[in-house]
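# Residue-level structural notes
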Amino acid sequence: MKKNLIVLLFIPFLMAFQCESDDPAPLDSLETTGIFGRWEITDEIMNGTISDMLPRCCEFLEFEPDNNITDYKGNLSYTDTQGLVNNGTFEVDTNNQTILFIYDNNDEFIFDFSINESEVNLAINFSEGGINYTQNWIRID
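What follows is about the side chain of Asp28. In this fold, Asp28 is placed in the loop between helix H1 (2-16) and strand S1 (37-46). Looking at Asp28, its side chain comes within polar contact range of the main-chain nitrogen of Leu30, at 2.9 Å. When near neighbours in sequence (up to four residues on either side) are disregarded, Asp28 contacts Phe36, Pro65, Asp66, Asn68, Ile69 and Asp71.

This is the structure:
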C-alpha cells in the first residue's frame, strides 16, 4: 500500500515537468533570400534613364511561401496601377539571382533581382521589347 501511495504522489510530479518540444518550426528555404512579403514600386529606369519624374505608386508584388518548405518556389501576385491582379508561382535561382514568374495562364517572365542588406529595398532588372528596365521596390509588409 505504501508503494502505491508513493507512485501516486510521484506521477503528478513527473507530469508537471513534461513539456512540449522546444525545437523551432523549420524555415522555408526561401527565408534566406529575404523575398517574402509585399513590395510597392518606387521608381523605374528605362535604358539607364528614369522613365519620368513622377513618383511611382500603386504597383505591388507579393511573394508568399507555398506548401513545400524545401524548395525555392512560392506564390506570387502582381497588382498593377489599375488594380488588375496577376497570380502565379515563382522560383528563385539563388546561383544566378533570378526569379522565374509563371502566371496562372502559363506565361513566363524572368528577372534578375537583388535585395539590400536590411531587406527593405528590392531591385529587379529585365528586358522587354528591346528596352532594359530597372525597377526599385520597397517592402511595405
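Within a pair of aromatic rings, the relevant descriptors are the distance that separates the centres and the angle that separates the planes. As enumerated under the stated definition, the model contains five aromatic pairs in all. Judged by centre distance (5.0 Å) and plane angle (90 degrees), the rings of Phe63 and Phe90 are edge-to-face. Here Phe63 is found in strand S3 (residues 60-65), whereas its partner Phe90 is found in strand S5 (residues 85-93), with 27 residues between them in sequence. Neither Phe63 nor Phe90 differs from the other in exposure class; each is buried. Geometrically, the ring pair formed by Phe101 and Tyr103 is tilted, given 4.3 Å between the ring centres and 50 degrees between the ring planes. The rings of Phe109, Phe111, Phe126 and Tyr133 are connected pair by pair, giving a single aromatic cluster.

Below, the discussion takes up the nonpolar core. Judged by nonpolar contacts, the single largest core of 22 residues is most densely connected at Ile35, Phe63, Phe90, Phe113 and Leu122. Within the residue set of this core, elements represented by two or more residues are S1, S3, strand S4 (73-79), S5, strand S6 (98-103), strand S7 (108-115), strand S8 (121-128) and strand S9 (131-139). The element contributing the most residues to this core is S7, with four residues. Not counting residues within four places of it along the chain, the set of residues in contact with Phe63 comprises Ile35, Phe36, Gly37, Trp39, Asn75, Leu76, Phe90, Ile99, Phe111 and Leu122.

In this section: the pairing of S4. For a regular strand, the rule is simple: side chains alternate between the two faces of the sheet. In terms of burial, S4 is largely enclosed, as five of its seven residues are buried. Summarising the sheet, S3 and S4 pair through six bridges and their orientation is antiparallel. Bridged to Glu64 within S4 is Asn75. In the sheet, S4 pairs with S5 via seven bridges, with the strands oriented antiparallel. Within S5, the position partnered with Asn75 by the bridge is Thr89. Connecting S4 to the next strand, S5, in antiparallel fashion are five residues, including Gly83 with a positive phi near 90 degrees.

Rules behind the numbers
Residues numbered from 1 in each chain as written. Predicted model: local features only at pLDDT ≥ 70, side-chain atom pairs only at ≥ 80, totals over all residues. Heavy atoms only, no water. Helix = DSSP H or I, 4+ residues; strand = E, 2+ residues; numbered from the N terminus. Polar contact = N/O pair within 3.5 Å; in protein donor to acceptor, adjacent residues only side chain to side chain. Contact = heavy atoms within 4.5 Å. Phe/Tyr/Trp six-rings, centres within 6.5 Å; stacked < 30°, edge-to-face > 60°. Buried < 20%, exposed > 50% of the residue type's maximum accessible area, 1.4 Å probe, protein only. Core = buried A, V, L, I, M, F, W, Y, C linked by side-chain atoms within 4.5 Å. Pairing = 2+ DSSP bridges.

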